[in-house]
Amino acid sequence: MSDNDSLFMKRAIELSLENVKKGGGPFGAVIVRKGEILSESCNLVTALNDPTAHAEINVIREAARKLETFDLSGCVIYSSCEPCPMCLGAIYWARIDKVVFANTASDAQKIGFADSLIYKEISLPPQERNIEFRQLFREEALKAFKAWEESENKIEY
């Protein structure tokens, strides 16, 4: 563990504590590149009435805006808690190099934030999930995939 890791993790935890005082969820995150904070945020789910406004999603969006790229290679994310499945997916899509976290998913589950259901659901075939999944018009939708595949103007990600 480097001194920088300690410094940035303490900031993520500080953001989580500040957010609880404001009535928000106990989560904070910071994205760092080359030893400098690019973005920092807390969980804004209830403040924005946005179920995707997790701290990690918020900092990824802000860092991408600042850098004007969807590729956050070279960045580290510091999160006050182990990322949930949604945030973990976003971290991989953003190509973040390293994740440093404090609380575990098990710690979060003990206070009512249960990600285990989502992990279980992901591994099930769509027809066995708790939410109804129904597939329609696959052949028509495949036309867009074919157009993408053949496009010379695409930006791969």
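The following paragraphs examine the structure supplied in this document. (Residues numbered from 1 in each chain as written. Predicted model: local features only at pLDDT ≥ 70, side-chain atom pairs only at ≥ 80, totals over all residues. Heavy atoms only, no water.)

**Quick notes on the overall build of the protein chain**
A tally of helices and strands in the protein chain yields seven helices and four strands. Listing the helices and strands of the protein chain from first to last along the sequence gives α-β-β-α-α-β-α-β-α-α-α. By its C-alpha atoms, the protein chain is 50 × 40 × 30 Å across when sized along the principal axes. Looking at the protein chain residue by residue over its 157 residues, the buried ones come to 32%. Counted over contacts in the protein chain with a minimum sequence separation of 6, partners at least 24 positions apart contribute 49%. With the model as given, the accessible surface of the protein chain reaches about 10700 Å², and the carbon-plus-sulfur share is 55%. (Helix = DSSP H or I, 4+ residues; strand = E, 2+ residues; numbered from the N terminus. Buried < 20%, exposed > 50% of the residue type's maximum accessible area, 1.4 Å probe, protein only. Contact = heavy atoms within 4.5 Å. Areas by Shrake-Rupley, 256 points an atom, 1.4 Å probe, with all protein chains shown as cover.)

**Quick look at unusual backbone geometry**
The phi dihedral of Lys34 is positive, around 55 degrees, even though this residue is not glycine. Here Lys34 lies in the loop between β1 (28–33) and β2 (36–42). On the basis of relative accessibility, which here comes to 76%, the residue Lys34 falls in the exposed class. Non-glycine residue Glu68 carries a positive phi angle of around 55 degrees. Residue placement: Glu68 occurs in the loop between α3 (55–67) and β3 (75–81). On the basis of relative accessible area, Glu68 is assigned to the exposed category, the value being 73%.

**Here's the deal with the environment of Gly23**
Structurally, Gly23 can be placed in the loop between α1 (3–21) and β1. Residue class for Gly23 comes out exposed when judged on its relative accessible area of 57%. Taking C-alpha positions, Gly23 is 43 Å from Phe145, a pair spaced 122 residues apart along the chain.

**Side note on the side chain of Asn19**
Secondary-structure assignment places Asn19 in helix α1. Assessed through its relative accessible area of 4%, Asn19 is described here as buried. Here the side chain of Asn19 touches Asn43 through a polar contact of 2.7 Å, landing on its backbone oxygen. Dropping the residues within four chain positions of it, Asn19 is found in contact with Gly24, Gly25, Cys42 and Asn43. (Polar contact = N/O pair within 3.5 Å; in protein donor to acceptor, adjacent residues only side chain to side chain.)

**Here's the deal with α3**
Between the first and last C-alpha of α3 there are 18 Å, a value that for 13 residues agrees with the 18 Å anticipated at 1.5 Å per step. Residues of α3 that are buried make contact with β1, β2, β3 and α4 (85–94). Just past α3, the residue Glu68 takes up positive phi, approximately 55 degrees. (Expected span 1.5 Å × (residues − 1).)

**What to know about a nonpolar patch on the surface**
A cluster of nonpolar side chains, Phe70, Trp93, Trp148, Ile155 and Tyr157, forms an exposed patch at the surface whose accessible area comes to about 650 Å². Looking at the element boundaries, Tyr157 is found in the segment after α7 (138–150). (Patch = residues over 30% accessible without salt bridge, like charges linked within 9 Å, V, L, I, M, F, W, Y side chains within 5 Å. Salt bridge = Lys/Arg side-chain N within 4 Å of Asp/Glu carboxyl O.)

**Some details on the packing of aromatic side chains**
Tallying each qualifying case throughout the model produces five aromatic pairs. Seen from their ring centres, Phe27 and Phe113 are 4.9 Å apart, and the 90 degrees between their planes marks the pair as edge-to-face. Separated by 86 residues along the polypeptide, Phe27 in the loop between α1 and β1 and Phe113 in the loop between α5 (105–110) and α6 (116–123) bring together distant segments of the chain. Its relative accessible area of 13% is what places Phe27 among the buried residues. The partly exposed category is assigned to Phe113, whose relative accessible area is 35%. (Phe/Tyr/Trp six-rings, centres within 6.5 Å; stacked < 30°, edge-to-face > 60°.)

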